[in-house]
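Structural features, examined
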Amino acid sequence: VQLQASGGGSVQAGDSLTLSCLVHGRLLRIRSVTWYRQAPGRQRELVAHTTGHTAQYAGSVQGRASISMDNAKNMVYLQMNSLKSDDTGVYFCNADIDLLTGDRRDYWGQGTQVTISS
């Protein structure tokens, strides 16, 4: 199983971006996916989490972010609006997966850079 994050880029403050996380490989189901970000010199922080049925957000993005899961495509999206310079960082997706073997494992994507300029 591999996670592939994409959609990052350099945008202006106030713009919107949609990040994508593709989960591919031999899996039974995706239990949940979480987006994290890490700004330079700061610890990695949770941005948003979804089970496909529920969603939770960090206070810093509440009302500006929307996480969604397309189970048919094994894709998870993170749409972020009204972007601020504080949103700058590398965004990572993490997935909690049930494998065909019956095991349950945690996987990380490679990260996608988001840079917001004011």
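Residues numbered from 1 in each chain as written. Predicted model: local features only at pLDDT ≥ 70, side-chain atom pairs only at ≥ 80, totals over all residues. Heavy atoms only, no water.

1. Digging into the pairing of strand β10 (residues 104–108)
As paired strands, strand β9 (residues 89–99) and β10 are joined by five bridges and run antiparallel to one another. The residue bridging Ile 97 from the neighbouring strand is Arg 105, located in β10. Count of turn residues in the β9/β10 antiparallel hairpin: four residues, of which Gly 102 carries a positive phi of about 95°. (Pairing = 2+ DSSP bridges. Helix = DSSP H or I, 4+ residues; strand = E, 2+ residues; numbered from the N terminus.)

2. Section: the nonpolar core
Counting 30 residues, the largest nonpolar core has Trp 35, Leu 78, Tyr 91 and Ile 97 as the members making the most contacts within it. Residue assignment for this core shows that the elements contributing at least two residues are β1 (2–6), β3 (17–24), β4 (27–38), β5 (45–50), β7 (65–70), β8 (75–80), β9 and β11 (112–117). Element by element, the count of residues in this core is highest for β9, at five residues. (Core = buried A, V, L, I, M, F, W, Y, C linked by side-chain atoms within 4.5 Å. Buried < 20%, exposed > 50% of the residue type's maximum accessible area, 1.4 Å probe, protein only.)

3. Description of the pattern of salt bridges
Enumeration over the complete set of coordinates arrives at six salt bridges. Several salt bridges converge on common partners, so that one network encompasses Arg 37, Glu 45, Arg 64 and Asp 87. (Salt bridge = Lys/Arg side-chain N within 4 Å of Asp/Glu carboxyl O.)

4. A word on unusual backbone geometry
Despite not being glycine, Asn 74 has its phi angle at roughly 55°, a positive value. Along the chain, Asn 74 falls in the loop between β7 and β8. The phi angle at Ser 82 is positive, at roughly 45°, despite the residue not being glycine.

5. Details of the state of the cysteines
Between two cysteines, a covalent bond joining their sulfur atoms is known as a disulfide. Within this structure, the stated rule accounts for one disulfide. Residue pairing for Cys 21: its cysteine sulfur links by disulfide to Cys 93, the two sulfurs lying 2.2 Å apart. Torsion about the S-S bond of the Cys 21 and Cys 93 cystine: about 75°, corresponding to right-handed handedness. Of this pair, Cys 21 sits in strand β3 while Cys 93 is found in strand β9, placing the two residues 72 residues apart along the sequence. According to the relative accessible area criterion, Cys 21 is buried, its value standing at 0%. (Disulfide = S-S within 2.5 Å.)

6. Quick look at the sheet that holds β7
Judged by pairing direction, the sheet is antiparallel, and its four strands sit side by side in the order β1-β3-β8-β7 without closing on themselves. Two strands bound the open sheet, and with one partner strand each, they are β1 and β7. Across the sheet, the mean angle from the axis of one strand to that of its neighbour is 15°, orientation sign disregarded. (Axes fitted to C-alpha atoms, helices over the stretch in contact; angles between N-to-C directions.)

7. Section: the packing of aromatic side chains
This model, assessed by the stated rule, comprises one aromatic pair. Geometrically, the ring pair formed by Tyr 36 and Trp 108 is tilted, given 5.1 Å between the ring centres and 45° between the ring planes. Of the two residues, Tyr 36 is situated in strand β4 and Trp 108 in strand β10; the sequence distance between them amounts to 72 residues. Positioned above the aromatic ring of Phe 92, the side-chain terminus of Arg 44 is 3.9 Å from the ring centre. (Phe/Tyr/Trp six-rings, centres within 6.5 Å; stacked < 30°, edge-to-face > 60°. Lys NZ or Arg CZ within 6 Å of the ring centre and 35° of its normal.)

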